Amino acid sequence: MKTDIEIAQEAQLLPITEVAKALDMTMDDLELYGKYKAKISDEYLKKIEGNKDGKLILVTAINPTPAGEGKTTTSVGLGQAFGKLGKKAVIALREPSLGPCFGIKGGAAGGGMAQVVPMEDLNLHFTGDFHAITSANNLCAALLDNHIQQGNELGIDTRQVIWKRCLDMNDRVLRNVVVGMGNKMDGFVREDHFVITVASEIMAVLCLADDMEDLKRRLDRMVVAYNYAGEPVTAGQIKATGAMAALLKDAIKPNLIQTLEHTPAIVHGGPFANIAHGCNSVRATKAAMKMADYVVTEAGFGADLGAEKFFDIKCVQAGLKPDAVVLVATIRALKYNGGVAKKDLNTENLDALKKGIVNLEKHIENLQKYGIPVVVTEHAFRHFSNPEAKEFVDFVMENTRFTCVSEYLRTMLKEKHNISAEVLANVVDTSVFSKPKKPCNDEVFRLVTVSALRPGKCVDDTIKALRMLRDSGEIGEFEFTVVGNGEAEHIYRQAMDDLNMNDVVHFVGRKTPEEASEYLSRADALVIASN
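Owing to the predicted nature of the structure, the values given are computational and were not obtained by experimental measurement. (Residues numbered from 1 in each chain as written. Predicted model: local features only at pLDDT ≥ 70, side-chain atom pairs only at ≥ 80, totals over all residues. Heavy atoms only, no water.)

**Brief notes about the sheet that holds strand E12 (residues 223-227)**
Move 1: Pairing is antiparallel in the open sheet, where three strands are placed in the order E7-E12-E13. Taken across any chain shown, the strands that pair with only one partner, and hence form the sheet edges, are strand E7 (156-161) and strand E13 (232-234). Taking each pair of neighbouring strands and ignoring which way they run, the sheet shows an average axis angle of 50 degrees.
Move 2: Contacting E7 and E12, helix H7 (residues 129-149) runs over the sheet at an angle of about 135 degrees to E7. (Pairing = 2+ DSSP bridges. Helix = DSSP H or I, 4+ residues; strand = E, 2+ residues; numbered from the N terminus. Axes fitted to C-alpha atoms, helices over the stretch in contact; angles between N-to-C directions. Contact = heavy atoms within 4.5 Å.)

Structure follows, in structure tokens:
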């Protein structure tokens, strides 16, 4: 099996000008950074302000663990899947930091066949946004120390300087340092600190700013220290605003690249969720919504951190309202939350899964409080058991309105990534965005199920959904289609007899991913049964 980097390096990228054409952009709307990267011009952003907003989909996850959840991979795969379904879609993501990139976590461009590219460029220096933020941050620090050195007119208490220098790298020895050592001309001796660039307040305010004027106002208000009277001293008071804004004149512009399937990806900003709000820039998200019918974005860390900050900070500040939330979980991460050591996560452990699944339950409960439809997806890895899969699917079906989508389809449909992403896109599009359908007697309610290789283990999920729909009293005529293993037919026939619904079931046998998508796109509801 090829590695992520091998897949990315072998990809046939389109020139970014060709990717932009899908969004009705011209060369004049772009500021090129080589052949495959570009910044979106301020003039273009102004031009599209009157466009209708597309639907905004937030991808978040359960609590992060060393096992990893696949949030960015799901985001990219979902965006690509909308494209395969003929929808105009854009992905809006954060830029990766060099610190995690060279640490244990690694890059942040997705994985497998769901990556944003050029991957090396994105994970390294990209278009220089982080360097500009680092420079602006450290310029403010230099101006602050220079103000103290040149007479300290504002009466800054050197024991209460809260502005920290930054560097986009993991370097723990710089967390606590002493500056001003040397002679009189080298400044006042004081304790100072370094943070990683993505923890800089400049990163946070840049990602919340609507435009350059708004950015200047936010920079101006940043508190850098306190005076001897305990009053705050701002960046505006030490006259740092204009110089910082000059360094950020290009960094404030969103970046345009592409996915492996040439879906446009706007990647801009990257504040950490444990320090700031953990979302890409407001400018990028708003621009994406004006450029496409479907926008997939994500928030850092788990739903209790990044997603809640997305709703409570970014959406409030920017006036955004997401249309759906996709909550990513993995069986192995739930087992980790249930007390299993990382080295034992590939071993079946139903008791640990049941203990850990309350983590997922709480995330679902919290997200539902925002009044936004929640879809749960299991980002599957190689090692899981059928009992664990059934436990997960049963739990999600009992706790959410919308179908649990599973990567277990990949074995049957012989395509590891794309068909599962397409199924997820169909669930989001048909179950969440379409108005609830209440057919009259002359209408047909189309339910499609995708059967697994072992049909006996997936009938229960389907029958549960059928019984729920029948007993709702809102469904008139059914059309029930089973895609998958032909061996399932006699099992479903018996189940339909028990429900007195045998006349509505159709078996279409095993299908290719493309053929399966045709059935899925016509469905009013989907049941994705586990393997």
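**Considering the pairing of strand E14 (residues 255-259)**
Move 1: A large share of E14 lies buried, amounting to five of its five residues.
Move 2: Sheet analysis places strand E2 (residues 38-40) next to E14, joined by two bridges and oriented antiparallel. Within the sheet, the bridge partner assigned to Ala 38 lies in E14 and is Leu 256.
Move 3: Note that strand E6 (residues 114-117) and E14 share two bridges and pair antiparallel. Counted as the bridge partner of Val 117 is Gln 258 from E14.
Move 4: Note that E14 and strand E15 (residues 264-267) share four bridges and pair antiparallel. Bridge pairing in E15 places Ile 257 opposite Ala 265.
Move 5: Counting the residues between successive antiparallel strands, the hairpin from E14 to E15 contains four residues, one of them, His 262, with a positive phi of roughly 70 degrees. (Buried < 20%, exposed > 50% of the residue type's maximum accessible area, 1.4 Å probe, protein only.)

**Some remarks on the environment of Gln 258**
Move 1: Its location among the elements puts Gln 258 in strand E14.
Move 2: Overall, the relative accessible area of 0% leaves Gln 258 in the buried class.
Move 3: A sequence separation of 143 residues divides Gln 258 from Gln 115, and the C-alpha atoms of the two residues are 8.7 Å apart.
Move 4: At 2.7 Å, the side chain of Gln 258 and the backbone oxygen of Leu 14 are in polar contact. (Polar contact = N/O pair within 3.5 Å; in protein donor to acceptor, adjacent residues only side chain to side chain.)

**Description of the pairing of strand E16 (residues 294-298)**
Looking along a regular strand, one sees side chains alternate from face to face of the sheet.
Move 1: The element E16 is extensively covered by neighbouring structure, given that five of its five residues are classed as buried.
Move 2: Here E16 shows no split at all, with Tyr 294, Val 296 and Glu 298 on one side and Val 295 and Thr 297 on the other all buried.
Move 3: Of the strand pairs in this sheet, strand E3 (residues 55-61) and E16 are connected by five bridges, and their pairing is parallel. Bridge assignment links Leu 56 to a residue of E16, and that residue is Val 295.
Move 4: In this structure, strand E4 (residues 89-93) lies alongside E16, joined through four bridges in parallel fashion.

**Considering the side chain of Lys 335**
Move 1: By the element assignment, Lys 335 lies in helix H13 (residues 331-337).
Move 2: With a relative accessible area of 1%, Lys 335 lands in the buried category.
Move 3: Of note is the side chain of Lys 335, whose polar atom sits 2.9 Å from the backbone oxygen of Thr 347.
Move 4: Here Glu 388 takes part through its side chain, which lies 3.0 Å from a polar atom of the side chain of Lys 335.
Move 5: When sequence neighbours within four positions are dropped, the list of residues in contact with Lys 335 reads Val 340, Leu 345, Asn 346, Thr 347, Glu 348, Asn 349, Ala 352, Leu 353 and Glu 388.

**Observations regarding the packing of helix H12 (residues 303-318) against helix H14 (residues 350-368)**
The geometry of a pair of packed helices is captured by two quantities: the angle between their axes and the separation between those axes.
Move 1: Viewed as axis vectors pointing N to C, H12 and H14 meet at an angle of 10 degrees, and their least axial separation amounts to 11 Å. Viewed along their axes, H12 and H14 adopt a mutual orientation that is roughly parallel. Across the interface between the two elements, Ala 303, Asp 304, Ala 307, Glu 308 and Phe 311 from H12 touch His 363, Asn 366 and Leu 367 from H14.
Move 2: Tallied by class, the residues present in the contact of H12 with H14 amount to four nonpolar, two polar and two charged. (Parallel < 35°, antiparallel > 145°, perpendicular 65-115°, else oblique. Nonpolar A, V, L, I, M, F, W, Y, C, P; charged D, E, K, R; others polar.)

**Considering a nonpolar patch on the surface**
Move 1: Together, Phe 102, Leu 124, Leu 167 and Met 169 give the surface a local cluster of nonpolar side chains, amounting to about 360 Å² of exposed area.
Move 2: Residue position: Phe 102 is located in the loop between helix H5 (98-101) and strand E5 (110-111).
Move 3: Relative accessible area serves as the criterion here: at 56%, Phe 102 is assigned to the exposed category. (Patch = residues over 30% accessible without salt bridge, like charges linked within 9 Å, V, L, I, M, F, W, Y side chains within 5 Å. Areas by Shrake-Rupley, 256 points an atom, 1.4 Å probe, with all protein chains shown as cover. Salt bridge = Lys/Arg side-chain N within 4 Å of Asp/Glu carboxyl O.)

**Side note on unusual backbone geometry**
Move 1: Residue Val 117 is joined to Pro 118 through a cis peptide bond whose omega torsion reads 5 degrees.
Move 2: Mapped onto the secondary structure, Pro 118 falls in the loop between E6 and helix H6 (119-123).
Move 3: Positive phi outside glycine occurs at Lys 239, with the angle close to 60 degrees.
Move 4: Tracing the chain through its elements places Lys 239 in the loop between E13 and helix H10 (241-247).
Move 5: The phi torsion at His 262 lies on the positive side, around 70 degrees, for a residue other than glycine.
Move 6: For His 262, the location among the structural elements is in the loop between E14 and E15.
Move 7: For His 262, a relative accessible area of 28% gives the class partly exposed.

**A short note on the packing of aromatic side chains**
Any two aromatic rings considered together are summarised by their centre-to-centre distance and by the angle between their planes.
Move 1: According to the stated counting rule, one finds three aromatic pairs in the structure shown.
Move 2: Taking the centre distance of 4.5 Å and the plane angle of 15 degrees together, the rings of Phe 82 and Tyr 294 count as stacked. Placement of the pair is Phe 82 in helix H4 (residues 71-84) and Tyr 294 in strand E16, with a sequence separation of 212 residues. In this structure, Phe 82 and Tyr 294 share a single accessibility class: buried.
Move 3: Ring pairs connect the aromatic residues Phe 310, Phe 311 and Tyr 370, which therefore count as one cluster. (Phe/Tyr/Trp six-rings, centres within 6.5 Å; stacked < 30°, edge-to-face > 60°.)

**Let's talk about the packing of helix H8 (residues 201-208) against helix H9 (residues 212-221)**
Move 1: Two elements in contact, H8 and H9, have axes separated by 9 Å at closest approach and are oriented at 145 degrees. Between H8 and H9 the crossing geometry is right-handed. Between H8 and H9, the residues in contact are Ile 202, Val 205, Leu 206 and Leu 208 and Asp 214, Leu 215, Arg 218 and Leu 219, respectively. (Left-handed = near helix turned anticlockwise from the far one by under 90°.)

**Structural notes on the nonpolar core**
Move 1: Counting residues in hydrophobic clusters, the biggest one holds 54 residues, and the most contacted among them are Met 25, Leu 256, Met 291, Leu 360 and Phe 392.
Move 2: What Met 291 contacts, discounting residues up to four positions off in sequence, is Leu 23, Met 25, Ile 40, Tyr 44, Ile 48, Lys 88 and Ile 266.
Move 3: If you look at the next biggest cluster of nonpolar residues, it comprises 34 residues, including Leu 206, Leu 215, Met 244 and Leu 248. (Core = buried A, V, L, I, M, F, W, Y, C linked by side-chain atoms within 4.5 Å.)

**A look at the confidence of the model for the protein**
Move 1: Per-residue confidence for the protein gives a mean pLDDT of 84; residues scoring 70 or more make up 77%.
Move 2: Overall, residues 403-419 carries pLDDT values under 50, and its contacts beyond four positions in sequence, including any with other chains, amount to 66 contacts. (pLDDT = per-residue confidence, 0-100.)

**Things to note about H14**
Move 1: Compared with the 27 Å implied by 1.5 Å per residue over 19 residues, the 26 Å span of H14 between its first and last C-alpha is a close match.
Move 2: The largest bend in H14 amounts to roughly 25 degrees and is located at Gly 356.
Move 3: Within H14, burial applies to Ala 352, Leu 353, Gly 356, Ile 357, Asn 359, Leu 360, His 363, Ile 364, Asn 366 and Leu 367.
Move 4: Buried-residue contacts for H14 involve E3, H12, strand E17 (324-329), H13, strand E18 (374-378) and helix H15 (386-399). (Expected span 1.5 Å × (residues − 1). Bend = angle between axes of the 7 residues up to and from the residue.)

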